[in-house]
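# Structure at a glance
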Amino acid sequence: MDTFDAGAGSILRQPKAVWATAGASVVAFMGIGLVDPILPSIAEGLDANASQVSLLFTSYFLITALAMLVTGFVSSRIGGRKTLLLGLAFVVVFAGLAGTSDTVGQLVGYRAGWGLGNALFVSTALAVIVGAAAGGSAAAILLYESALGLGMACGPLVGALLGDASWRYPFFGTAFLMAIGFLCIAVFLKEQPKPARRTSLLDPVRALGHGGLASAAVSAFFYNYTFFTVLAFTPFVLNMTPYKSGAVFFAWGVLLAVFSVLVAPRMQRRFGSLKVLGGSLVLLAADVLVLGYGDHTTAIVCTVLSGAFIGVNNTVYTELALGVSDAPRPVASAGYNFVRWFAAAAAPYFAPKIEEWTDIHVPFVVAAVTAVLGAVVVLVRRRALTHQAQELEPAHATEDSVTVFAD
């Protein structure tokens, strides 16, 4: 019996506080893909080019990455509940302000404030769900990945439905939904116990001194560049109406959710976590390469298909980051996210720039190379990553059976 089947009951039987946090997490992750189908509309409405509009992602994730050094510092002092509420309040305010923007510069600035709120919320939400969920950390991680997948799937759809009338409405819609999340957290989540020791601003950086966590973070850095090339640059390549683009990325998000929650755990049990991760990264590289050189229909199919590989990767990376080192989970998660979100900030900026310098195919070649580099890190550093991988294997697994490409 696999992990998901074994823990299905416990995943569904959760305290109200967990459901409230998971529900708000869905909306938080919706905010990542929300602007996807309306990027061309924003560019047209604000008289901007693709490079300028892509800064919506860059500012968002750059602030998110830097804020990872602050999240543990804040939550260890004011508690998880207040940190969640603070993050949600930031998102409500800045998402609402984003909808009032008159220039790209204003919109980029408001997205940066949104990124700060999202960092405070998302990093703390995982720790809260893991601490409060019934069924242990495995059930909690699957629940968190379910929220991530559902949010990533619904974000483009909501963005398309609201954005068809005006590119401003998705931002107002997010602010409204996050306000509901704020009320749910305030009502159902009791204050969480504060850590015995306060987290310093440098603790996440010190945690990266662990070889396994550093290896997972570096590999995820390369992978995230590929991930966000697909997410932020592909809408300009597809050049579709908000409804059609929203439908494509909704299908992409559905595959992401299904493969992260249902397929990835089964594959891990059968083949080993590192083999699954390495193989999925190589397949993602091939998919992105075909996406870049195929015709329009092929690009649509490959965009949707990439959701399957991204879903698998997200689950395995999350488990590695939380379990590979002996650092407290919030600290390990902060250090890991500090590294990987820089790639999420870089890809939306560099992909259109690379197109301007070369042609429309080369950004996808670069994305394919970075996915392969992620797999190479897993291969080269498999010994450092094997400790956590063994914990995810069947009892009869051996060290050789859990190392990627070990055969």
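Just above sits the structure.
Every chain begins its residue count from 1, and numbering advances along the sequence as written. The predicted nature of this model means local features are confined to residues of pLDDT at least 70 and side-chain atom pairs, given and counted, to a pLDDT of 80 or more, with totals for whole chains, interfaces and linings taken over all residues. Just so you know, side-chain values use all the structure's heavy atoms and leave hydrogens and water out.

### Here we look at the overall build of the protein
For the record, the criterion: Only DSSP runs of H or I covering at least 4 residues are called helices, and only runs of E covering at least 2 are called strands; the numbering of each starts at the N terminus. Here's how the labels work: a residue is buried when its accessible area is under 20% of the maximum for its type, exposed when over 50%, partly exposed in between, all with a 1.4 Å probe on protein chains only. Residue contacts are defined here by distance: any two heavy atoms, one from each residue, within 4.5 Å place the two residues in contact.
For the protein, the helix and strand inventory stands at 16 helices and zero strands. Within the protein, the fraction of its 407 residues that count as buried is 57%. A separation threshold of at least 6 residues defines the contact pool for the protein, and within that pool the share at least 24 residues apart is 86%.

### Some details on a nonpolar patch on the surface
Selection criterion: Exposure above 30% relative accessible area and no salt bridge define the residues that can form patches, which grow by joining like charges within 9 Å and nonpolar side chains of Val, Leu, Ile, Met, Phe, Trp and Tyr within 5 Å. All accessible-area figures derive from a Shrake-Rupley calculation using a 1.4 Å probe, and residue coverage is judged against the displayed protein chains alone. Between Lys or Arg on one side and Asp or Glu on the other, a salt bridge is scored when a side-chain nitrogen of the former is within 4 Å of a carboxyl oxygen of the latter.
Together, Leu 161, Leu 162, Tyr 169, Phe 172 and Tyr 243 make up a nonpolar patch on the protein surface, roughly 460 Å² of accessible area in all. Broken down by secondary-structure element, the contributors of at least two residues to the nonpolar patch are helix 7 (136–163) and helix 8 (169–188). Given the relative accessible area of 36%, Phe 172 is considered partly exposed.

### A closer look at the packing of helix 4 (residues 50–78) against helix 5 (residues 80–98)
Heads up, the rule is: Every axis corresponds to a line fitted to the C-alpha atoms, with the helix fit spanning only the stretch in contact, and the corresponding angles, defined between N-to-C directions, vary from 0 to 180 degrees. We call two directions roughly parallel when the angle between them is under 35 degrees, roughly antiparallel when it is over 145, roughly perpendicular when it lies between 65 and 115, and oblique otherwise.
Direction vectors running N to C along helix 4 and helix 5 enclose 125°, while the axes themselves pass 7 Å from each other. Here helix 4 lies oblique to helix 5, going by the angle between them. Touching Val 74, Ser 75 and Ile 78 of helix 4 are Gly 80, Lys 82 and Thr 83, all from helix 5.

### A word on empty space enclosed by the protein
Picture a little ball the size of a water molecule; that probe, rolled over the atoms, points out where space is still empty. Stated formally: Two kinds of site are reported from a 1 Å grid over the protein atoms alone, namely cavities, where a 1.4 Å probe fits but cannot get out, and pockets, open sets with protein on both sides within 12 Å along at least five of seven lines, and residues are called lining when an atom falls within 4 Å of a point. Grid points are joined across faces, edges and corners, and a volume is the space filled by probe spheres set on the points. Residues are grouped as follows: Ala, Val, Leu, Ile, Met, Phe, Trp, Tyr, Cys and Pro are nonpolar; Asp, Glu, Lys and Arg are charged; every other residue, Gly included, is polar.
For the coordinates displayed, the defined rule picks out three cavities of 30 Å³ or more. Size it by volume and the largest cavity reaches roughly 290 Å³. Around the largest cavity, the lining is made up of 25 residues, and of these Tyr 144, Leu 148, Asn 337, Arg 340 and Trp 341 lie nearest the centre. Where the lining of the largest cavity is concerned, the elements lending two or more residues are helix 2 (16–33), helix 6 (104–132), helix 7, helix 10 (211–238), helix 13 (296–323) and helix 14 (329–357). With six residues, helix 13 is the largest single contributor of residues to the lining of the largest cavity. Counted by class, the lining of the largest cavity contains 16 nonpolar, seven polar and two charged residues.

### Let's talk about the environment of Thr 71
Here is the rule: Any N or O atom pair separated by 3.5 Å or less is treated as a polar contact, with the protein-specific requirement of one donor-capable and one acceptor-capable atom, and with residues adjacent in sequence counted only for side-chain atom pairs.
With respect to the helices, strands and loops of the structure, Thr 71 is situated in helix 4. Among the residues examined, Thr 71 registers a relative accessible area of 3% and is labelled buried. A polar contact is formed between the side chain of Thr 71 and the backbone oxygen of Met 68, at a distance of 3.2 Å.

### Re the nonpolar core
Formally: Take the buried residues of types Ala, Val, Leu, Ile, Met, Phe, Trp, Tyr and Cys, join any two whose side-chain atoms come within 4.5 Å, and each joined set is a nonpolar core.
Counting 115 residues, the largest nonpolar core has Ile 42, Phe 61, Phe 171, Phe 228, Leu 231 and Trp 252 as the members making the most contacts within it. Excluding residues within four positions of it along the chain, Leu 231 makes contact with Ile 32, Asp 36, Phe 57, Met 152, Phe 249 and Trp 252.

### Describing the pattern of salt bridges
Applying the stated criterion across every chain yields a total of two salt bridges. Among the ionic pairs, Arg 168 bridges to Asp 102, the shortest N-O distance being 3.9 Å. Of this pair, Arg 168 sits in the loop between helix 7 and helix 8 while Asp 102 is found in the loop between helix 5 and helix 6, placing the two residues 66 residues apart along the sequence.

### Observations regarding the packing of aromatic side chains
Filter applied, for reference: Two rings from Phe, Tyr or Trp (for Trp, the six-membered ring) form a pair when their centres are within 6.5 Å of each other. A pair whose planes differ by under 30 degrees is stacked, one over 60 is edge-to-face, and the rest are tilted.
Applying the stated criterion across every chain, the model contains 17 aromatic pairs. Plain terms: the ring middles of Trp 114 and Phe 171 are 5.9 Å apart, the flat faces sit at 75° to each other, and that makes the pair edge-to-face. Placement of Trp 114 in helix 6 and of Phe 171 in helix 8 is noted, with a sequence separation of 57 residues between them. Phe 171 carries the same exposure label as Trp 114, and that label is buried. When the ring of Phe 227 is compared with that of Trp 252, the centres are 6.1 Å apart and the planes differ by 45°; the resulting orientation is tilted. Of this pair, Phe 227 sits in helix 10 while Trp 252 sits in helix 11 (residues 242–271), placing them 25 residues apart in sequence. Phe 227 gets classed as buried once you look at its relative accessible area, which sits at 6%.

This is a description of form; function is not addressed.
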